[in-house]
Amino acid sequence: MSEKLISRVPEGPLSQKWTEHKAHIKVVSPANKRKLEIIVIGTGLGGASAAASLGELGYNVKVFCISDSPRRAHSIAAQGGINAAKNYPNDNDSVYRLFYDTIKGGDYRSREANVYRLAEVSNLIIDQCVAQGVPFAREYSGMLDNRSFGGAQVSRTFYARGQTGQQLLLGAYAALNRQIHLGNVKSYTRHEMLDLVLINGEAKGIIARNLVTGEIERHGAHAVVLASGGYGNVFFLSTNAMNSNGSAVWQCYKKGAYFANPCFAQIHPTCIPVHGEQQSKLTLMSESLRNDGRIWVPKKLEDVKKLRNKEITPSQIPEEDRDYYLERRYPAFGNLVPRDVASRAAKERCDAGYGVNETGLAVFLDFKSAIERLGEHVIAERYGNLFQMYEKITDVNPYKEPMMIYPAIHYTMGGLWVDYNLQTTIPGLYAIGEANFSDHGGNRLGASALMQGLADGYFILPYTIGDYLASKIQVPKTDINDPAFVEAESNVKKKVDKLLSINGTQTVDFYHKKLGHIMWEYVGMARNESGLKKAIEEIRVLREQFWHDVKVPGTFSELNQELEKALKVADFMEIGELMALDALDRKESCGGHFREEMQTEDGETLRDDNNFMYVSAWEYAGDGVEPNLHKEPLNYEFVKPSTRNYKD
Amino acid sequence: MDFTLKVWRQKDAKTKGHFETYKVTNISPDTSFLEMMDILNDQLIREGSDPVAFDHDCREGICGTCSLYINGRAHGPDNEITTCQLHMRKFNDGDTITVEPWRSAAMPVIKDLIVNRNAFDQILQAGGYISVSTGGVPDANSILIPKEKAEESMDAAACIGCGACVATCKNGSAMLFISSRVSSLALLPQGRVEAANRVKAMVDKMDELGFGACTNTRACEMECPKHVSISHIARLNREFLLAKLKD
């Protein structure tokens, strides 16, 4: 194990670790907080909540986002809900059960202490959001309502119709706006971080580009917090927003921050299927739909054929000829199995020839039974906006005919390696939310991303960052004329000039799509050794072509969306390779990572705890050089890892 | 499907803009409007021309980033929709389609179809929040909220801050946008405490930034992709009046 991989997990009983840790870490006095500067990159749930909370504490915060407003961050698109262990429905939920479900859902590849802490602060998040005016769904009594999500047998998900992410982000954004108004936070919109600046090995600032003028700016600080989200767009088609990218994380990796578990990407089972080559992104249909929707394909291949030829509609297929395959295979959890399990089951049916649309890559999500049981108005109240969205996109009315869905890339569990304090291997550089790797292991449960982003931003980072900053109270403001800033800025300019000067024959999107195809084919839902080796080779060739043949129009000193894209895709070309390398190393099937060589006779995942019970942490070793792999062993002190069983 | 596009081109905020005409061919009816714009841009780049700049992000109708004025309507010819959710099946083969940015003095063009909506952030910064800091708040169920109130608050909170209301209003008024926040918070007990100060601060900021007044034409409500009702403007007016009376 590398000397840098010290998890800093405190000793003691699980339920006391966070309490004890908080009691012993250092704090910074109010007078000293005023002297300290913190940069926050990103304004999703993690970034906005962190920036607001740090501002409230009295630090000087600068917050950066690539959009025209902090409210655009992709957290806004989260639909279904946020988990918490409130146990309001009296169904025997508890902090321990939320912890256990999360660590089991993650297929035992996350740290016990981190996950327990997440479950512990989950209840505070709900209290906080209600106090901010988040209009969560309520019962007629005026009490908060809950619903169920995948991977859990209790109802612990709080929601605001199908727009929970939007409402939580508006809450965090409002808290941020208040701090901006009070002058504690300065907001930089339409700004993109292009490099991290280190002085004496510590994170001391960033190089950013003003996306409107093209101007390069230097920003110094005493610490940098990365909340820039995940890298799912490496696949080109994903449910991520078009501008979501892995570049900020990747610059930090190249400056020495270890990248953990890059191969753990989540494939969400319920997305609107691909319609054709002109498609730019995929749309998620919330997991909450699996509360009332039942997933099926026809039992008979002749019905499949008739469906594809449009000779019959799905509603004409009688009940006895439908294969509700999740209910059949996983009786205990049925349609509410975790995402990775549901995705693979859909792929299995489609591979066997039962896919229901022209491409053969779709299954049905049917609300017939629920509408019969509850009435259309109840379904409309619960999912109205999702049904409307589905109809706008597909031109099919889901109240009448079942939805067609197929798995798509949705979230990345991997990210920058962080210790218990959420600090990366670079002192002074923190990573929160989807940008870090910490809490979801090999697979994230639904309604847990919102929980983690806000847990990190509101309740964990504001405490742990103090422990680092307490030793910096005598350190003067960072000098942005330091040679480290000059060098970083000049490197950024060189890279941009290079991209603009290639003037080749193909567009950035052309290369991005090619990369996406390689990734989906070999590093997608099913992976194997020869495919992964092929992916690595093909990515390397493609990257060469990109750097010799891409055409980026326009200039540096203007609003140039193609240049922005080119910079992101250049990084995706490298991230994709690291994902494949990591997937190749991990010769086990675990969570979202399915190695075809490692499966049971009935196609379930085969985990290998003897050899792979570790977090892989990759260290950059230079361009064109294979990165170094470090391993953080996972010690399960309190839970006994077992085979995930959703059957009984 | 084939289309003729008349697209607003403007180099930057200071330069005068103009329309350019382009042709796109072989577009599938299942292609979204923004995917059609991607195809146009791909074409332009290959020809050696400058692609058309436009704002977009989530492409599923929730982030509020996309902002095109299509054939004289904000977000184009469909109701309760954002530009990114609009599909080409809503047009006829051979149509000429006019694509413009939002037009409003308070939201100037930055480039081509991109406008500066910073004024919205400034209005919310002036008071669009409950002044609660992180931590030390009561249990979430300690204050009961009638279901109807919570639902109505959520109706108002559905606003995505896209600016279609401002672009549509003949007065360039931002009242629907502001009322969605004012109303959403005013309906909740947590938001009542500073309701008076909130509405005054936000309306003052709106006036300062050069938005017009509301004359109840309801155009904003018609074009709002989330169908936020002008009843929230009525609530804003009541809140504002009461707040001023108490001054």
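Model, not experiment: these values are computed from the prediction.

### What to know about the overall build of chain A
Working step 1: Per the secondary structure count, chain A includes 18 helices and 19 strands.
Working step 2: Over its C-alpha atoms chain A spans a radius of gyration of 24 Å, differing by no more than 12% from the 26 Å that the globule rule assigns to 648 residues.
Working step 3: The C-alpha extent of chain A, read off along each of the three principal axes, is 75 × 60 × 50 Å.
Working step 4: Going through the 648 residues of chain A one by one, you find that 61% of them count as buried.
Working step 5: Taking contacts inside chain A between residues at least 6 apart in sequence as the whole, the part at least 24 apart equals 75%.

### A look at the overall build of chain B
Working step 1: When you go through chain B residue by residue, the secondary structure sums to nine helices and seven strands.
Working step 2: Counting only C-alpha atoms and orienting by the principal axes, one finds that chain B spans roughly 60 × 35 × 35 Å.
Working step 3: Considering only contacts in chain B between residues 6 or more positions apart, those separated by 24 or more positions represent 69%.

### Let's talk about the domain arrangement of chain B
All names here are of chain B.
Working step 1: Along its sequence, chain B is carved into domain 1 (3-110) and domain 2 (117-246).
Working step 2: Computed over C-alpha atoms, the centres of domain 1 and domain 2 are 29 Å apart.
Working step 3: Between domain 1 and domain 2, the residue contacts involve 18 residues of the former and 17 residues of the latter.

### Overview of the nonpolar core
Residues and elements named next belong to chain A.
Working step 1: One finds Ile 125, Val 225, Leu 226 and Leu 416 to be the most contacted residues of the largest nonpolar core, which totals 284 residues.
Working step 2: With 13 residues, helix 17 (residues 561-585) is the largest single contributor of residues to this core.
Working step 3: Apart from residues no more than four positions distant in its own chain, Ile 125 is found in contact with Ile 82, Ala 84, Met 451, Leu 454, Ala 455 and Tyr 458.

### Description of the domain arrangement of chain A
Residue and element names in this part refer to chain A.
Working step 1: The domain boundaries assigned to chain A delineate domain 1 (14-263 + 413-472), domain 2 (268-409) and domain 3 (483-614).
Working step 2: Centre-to-centre separation of domain 1 and domain 3, based on C-alpha positions: 25 Å.
Working step 3: Residue assignment for the side of domain 1 that touches domain 3 shows that the elements contributing at least two residues are strand 6 (191-199), strand 7 (202-210), strand 8 (216-220) and helix 7 (247-254).
Working step 4: The element that contributes the greatest number of residues to the side of domain 1 that touches domain 3 is strand 6, accounting for six residues.
Working step 5: Within the side of domain 1 that touches domain 3, the residues separate by chemical class into 18 nonpolar, 12 polar and five charged.

### A closer look at unusual backbone geometry
Residues and elements named next belong to chain B.
Working step 1: At Asn 216, a position not held by glycine, the phi torsion is positive, near 55 degrees.
Working step 2: Phi is positive for His 227, which is not a glycine, with a value near 55 degrees.
Working step 3: Position of His 227 among the secondary structure elements: in the loop between helix 8 (219-223) and helix 9 (231-246).
Working step 4: Overall, the presence of 13 C-beta atoms within 10 Å leaves His 227 in the partly exposed class.

### A short note on the interface of chain B and chain A
Working step 1: Contacts between chain B and chain A engage 64 residues on the former and 64 residues on the latter.
Working step 2: Of all the secondary structure elements, the ones that give two or more residues to the side of chain B that touches chain A are helix 1 (33-47), strand 6 (109-111), helix 2 (118-127), helix 3 (147-157), helix 5 (175-186) and helix 6 (189-192) of chain B.
Working step 3: With seven residues, the single largest contributor to the side of chain B that touches chain A is helix 1 of chain B.
Working step 4: Of the residues that constitute the side of chain B that touches chain A, the class distribution is 28 nonpolar, 18 polar and 18 charged.

### A closer look at helix 1 (residues 17-24) of chain A
All names here are of chain A.
Working step 1: Within helix 1, the full set of buried residues consists of Lys 17, Trp 18 and His 21. The buried residues of helix 1 occupy an angular sector of 90 degrees when projected down its axis, which confines them to one face.
Working step 2: In this structure, the buried side of helix 1 is in contact with helix 5 (112-132).

### Details of the sheet that holds strand 2 (residues 18-24) of chain B
Residue and element names in this part refer to chain B.
Working step 1: Spatially, five strands are ordered 2-1-5-3-4 in an open sheet, and the strand pairing comes out mixed. Each having just a single partner strand, strand 2 and strand 4 (73-74) make up the two edges of the open sheet.
Working step 2: Where strand 1 (residues 3-9) and strand 5 (residues 96-100) come together, four bridges link them in parallel fashion. Bridge pairing in strand 5 links Leu 5 to Ile 97.

### Remarks on the sheet that holds strand 13 (residues 322-323) of chain A
Residues and elements named next belong to chain A.
Working step 1: With antiparallel pairing, five strands are arranged side by side in an open sheet as 11-15-14-12-13. Of all the strands in the sheet, just strand 11 (265-271) and strand 13 have a single pairing partner and so form its edges.
Working step 2: Relative to strand 14 (residues 363-366), strand 12 (residues 294-298) runs antiparallel, the two sharing three bridges. By the bridge assignment, Arg 294 is partnered in strand 14 with Asp 366.
Working step 3: Packing against the sheet, helix 10 (residues 339-351) makes contact with strand 11, strand 12, strand 14 and strand 15 (403-412), and its axis sits at approximately 65 degrees to strand 11.

### What about the pairing of strand 2 (residues 60-64) of chain A?
Residue and element names in this part refer to chain A.
Working step 1: Across the five residues of strand 2, five count as buried, placing the element largely inside the fold.
Working step 2: Neither face of strand 2 is exposed, since Asn 60, Lys 62 and Phe 64 on one face and Val 61 and Val 63 on the opposite face are all buried.
Working step 3: Two strands pair when backbone bridges link them, and strand 1 (residues 37-41) and strand 2 are joined in this way by five bridges, in the parallel orientation. Pairing of Ile 41 across the sheet is with Phe 64, part of strand 2.
Working step 4: With helix 3 (residues 45-57) bridging strand 1 and its parallel neighbour strand 2, the resulting β-α-β unit is right-handed.

### Things to note about the packing of helix 3 of chain A against helix 6 (residues 164-182) of chain A
Each packed pair of helices is defined by two parameters, the angle between the axes and the distance between the axes.
Residues and elements named next belong to chain A.
Working step 1: Helix 6 packs onto helix 3 with a crossing angle of 30 degrees between their chain directions and a minimal axis gap of 8 Å. For the pair helix 3 and helix 6, the sense of crossing is left-handed. On the side of helix 3, the interface is formed by Leu 45, Ala 48, Ser 49, Ala 51, Ala 52, Gly 55 and Glu 56, while helix 6 contributes Leu 168, Leu 169, Ala 172, Tyr 173, Ala 175, Leu 176 and Gln 179.
Working step 2: Its residues assigned to classes, the contact of helix 3 with helix 6 comprises 10 nonpolar, three polar and one charged.

### Comments concerning the environment of Asp 366 of chain A
All names here are of chain A.
Working step 1: When you line up the elements, Asp 366 lands in strand 14.
Working step 2: Overall, the presence of 21 C-beta atoms within 10 Å leaves Asp 366 in the buried class.
Working step 3: Among all residues touching Asp 366, those that are not within four sequence positions of it are Gly 293, Arg 294, Trp 296 and Pro 402.

### A look at the pairing of strand 2 of chain B
Residues and elements named next belong to chain B.
Working step 1: Where burial is concerned, little of strand 2 is hidden: zero out of the seven residues are buried.
Working step 2: In terms of strand pairing, strand 1 meets strand 2 through seven bridges, oriented antiparallel. If you follow Phe 3 over to strand 2, its bridge partner there is Val 24.

### Here we look at the environment of Glu 626 of chain A
Residues and elements named next belong to chain A.
Working step 1: If you trace the backbone, Glu 626 turns up in the loop between strand 18 (614-619) and strand 19 (628-633).
Working step 2: Its 12 C-beta neighbours within 10 Å are what place Glu 626 among the exposed residues.
Working step 3: Residues Glu 626 and Ile 405, spaced 221 residues apart in sequence, show a C-alpha to C-alpha distance of 38 Å.

### Details of helix 3 of chain A
All names here are of chain A.
Working step 1: Taking 1.5 Å of rise per residue, 13 residues should cover 18 Å, and helix 3 covers 18 Å from first to last C-alpha, within 8% of that figure.
Working step 2: Of all the 13 residues making up helix 3, 13 are buried; the element is thus mostly covered by neighbouring parts of the structure.
Working step 3: Within two residues after helix 3, Gly 58 carries a phi angle of roughly 110 degrees, on the positive side.

### Some thoughts on the environment of Ile 379 of chain A
Residue and element names in this part refer to chain A.
Working step 1: Relative to the assigned elements, Ile 379 resides in helix 12 (residues 376-394).
Working step 2: Taking the C-alpha atoms as reference points, Ile 379 and Phe 556, 177 residues apart in sequence, are found 50 Å from one another.
Working step 3: Those residues in contact with Ile 379 that sit more than four places away from it in its chain are Asp 292, Phe 367, Ala 370, Ile 371 and Leu 374.

Basis of the calculations
Residues numbered from 1 in each chain as written. Chains lettered and ligands numbered in written order. Predicted model: local features only at pLDDT ≥ 70, side-chain atom pairs only at ≥ 80, totals over all residues. Helix = DSSP H or I, 4+ residues; strand = E, 2+ residues; numbered from the N terminus. Rg over C-alpha atoms; globule rule 2.2 N^0.38 Å. Buried ≥ 20, exposed ≤ 12 C-beta atoms within 10 Å, placed from the backbone. Contact = placed C-beta atoms within 7 Å. Domains from an automatic or database assignment. Core = buried A, V, L, I, M, F, W, Y, C linked by C-beta atoms within 7 Å. Nonpolar A, V, L, I, M, F, W, Y, C, P; charged D, E, K, R; others polar. Arc of directions from axis to C-beta. Pairing = 2+ DSSP bridges. Axes fitted to C-alpha atoms, helices over the stretch in contact; angles between N-to-C directions. Right-handed = clockwise from strand over helix to strand, strands pointing away. Left-handed = near helix turned anticlockwise from the far one by under 90°. Expected span 1.5 Å × (residues − 1).

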